[in-house]
Amino acid sequence: MNAVKEKTVLEENKSEQPTDGKKRSKAGSKRFIIFIAVYAAVVILLNVLAKSRSFADFYTDHIFGIWSDTYGRLTGIFPFSVGEILIAAAVILLLAMLVISVALVFMRKLEKLGSFAVKYLKFVLVTFLSVVLVMTLNCNIPYSCSKLDIKGHRGKTYTTEQILIVRNHFIEECASLAEKMERDENGAIVFRGDTDAEVRKAMQSLSEEYPRFKGYYPKPKGILGSYFMYQSNIIGVYFPFSMEANYSRYLSSSFYPNTTAHELSHLKGYMFEDEANFFSFLACTSSECDYVRYSGYLGALYYIDNDYYARVDDETYLKQPQIPDIVRFDDNCYDSETVKALEKKKPVVKDEVMEEINETITDTYMSYYDVTPNYSEVTFLILQYYDGILF
């Protein structure tokens, strides 16, 4: 009888002691908490440091390019946009989390489901921190850099007459180059060379004066969801979490060089839209290829002409040299035949909804980085560049 009681007591004591599995589980949870705490601390620290302009300048000048030269090479292996796939994966990830959350409400007693849910939420948390880290390194810090100053002219102001001088120079260049372009039966420009190679060569030529433009350039990639881009009035996009330059597959041939050069400028740390526009103009117009040069002038003509028009009355504007019809025809990011074809499509999502979504995302993005859309400020940078050259 005593032997039986002693055995029972031993078994009870044994059952009260934690198993090796539970010990490992607790140890694993503790390690995960420490990992998340350290990871989050690093992300927070980098965001605090990003507020320092000197740190942001140093990082973007000396470190940012490493990601393009390494991670950008890796994503560049794939013929499709990795960034676009990652966005789709993020949507699926969030939908799965929603499904799991609903399942837990109705099936709380399923131990395996609860265990899986915990692991999945841990994965989501790590993924979220990783996304924030990548956005910090590839967007937040570069956005805090000093603004571009061309030849020390940033503090200067320019007259309407000086804008007119540059505007007329652009019109003259565009008119001359437009006549040299080979065209198809619809009037669209046809270039039989390697456009990407020409743009890459033009971008690399800037590195002597602007060292950030050294290094690797990935091949720009067309977006599968280009119709959504068309609905949202987007022709190009930089994906910081994949270090890719992307463009709409419907983009006109006349705008392809300046658009891809713009997105590649973001890959070199120039996040502000006016600066990316300026370097797109500067690279393309310095090219030895007439087609790329023409696209460079076209991409900037819109801004310089609009800014001049805004400063004068209609009568004064009409007295100046006017943009030739052929140049106006080319000065469109989507050619007329493409627009006709796209307008016949039945959209999955209404245009108004897509525009609203795009505006919401853009406003949120700009608010997060405390910046404002500044595409038109390219005129000011161009005036700085031509200061001492044309006037």
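Scroll up to find the structure this text is about.
Caption draft 1: Broad picture of the overall build of the protein chain. Secondary structure assignment for the protein chain yields 18 helices and 5 strands. Counted over contacts in the protein chain with a minimum sequence separation of 6, partners at least 24 positions apart contribute 79%. Working note: accessible area of the protein chain is about 22100 Å², and carbon and sulfur atoms make up 60% of it.

Caption draft 2: Representation of the pairing of strand 4 (residues 236–239) in the model. Where strand 4 and strand 5 (residues 244–248) come together, 4 bridges link them in antiparallel fashion. Bridged to Gly-236 within strand 5 is Tyr-247. Hairpin geometry of strand 4 and strand 5 is characterised by an intervening segment of 4 residues between the two adjacent antiparallel strands and by a positive phi of about 50 degrees at Met-243.

Caption draft 3: Quick peek at helix 6 (residues 82–106). Its 25 residues give helix 6 an end-to-end C-alpha distance of 36 Å, which sits within 8% of 36 Å, the value for a rise of 1.5 Å per residue. If you check which residues of helix 6 are buried, you get Val-82, Gly-83, Glu-84, Leu-93, Ile-100 and Ala-103.

Caption draft 4: Geometry of the pattern of salt bridges. Summed over the entire model, instances satisfying the criterion amount to 14 salt bridges. Here Arg-212 and Asp-61 are joined by a salt bridge, their closest N and O atoms 2.9 Å apart. Residue Arg-212 is located in the loop between helix 9 (195–204) and strand 3 (221–223), and its partner Asp-61 is located in helix 3 (residues 53–62); the two are separated by 151 residues in the primary sequence. Between Glu-337 and Lys-340 there is a salt bridge, and its shortest N-O distance comes to 3.7 Å. Placement of both Glu-337 and Lys-340 in helix 16 (residues 336–343) is noted, with a separation of 3 residues, approximately one turn of the helix. Judged by relative accessible area, which is 48%, Lys-340 ranks as partly exposed.

Reading guide: rules and limits
- Residues numbered from 1 in each chain as written.
- Predicted model: local features only at pLDDT ≥ 70, side-chain atom pairs only at ≥ 80, totals over all residues.
- Heavy atoms only, no water.
- Helix = DSSP H or I, 4+ residues; strand = E, 2+ residues; numbered from the N terminus.
- Contact = heavy atoms within 4.5 Å.
- Areas by Shrake-Rupley, 256 points an atom, 1.4 Å probe, with all protein chains shown as cover.
- Pairing = 2+ DSSP bridges.
- Expected span 1.5 Å × (residues − 1).
- Buried < 20%, exposed > 50% of the residue type's maximum accessible area, 1.4 Å probe, protein only.
- Salt bridge = Lys/Arg side-chain N within 4 Å of Asp/Glu carboxyl O.

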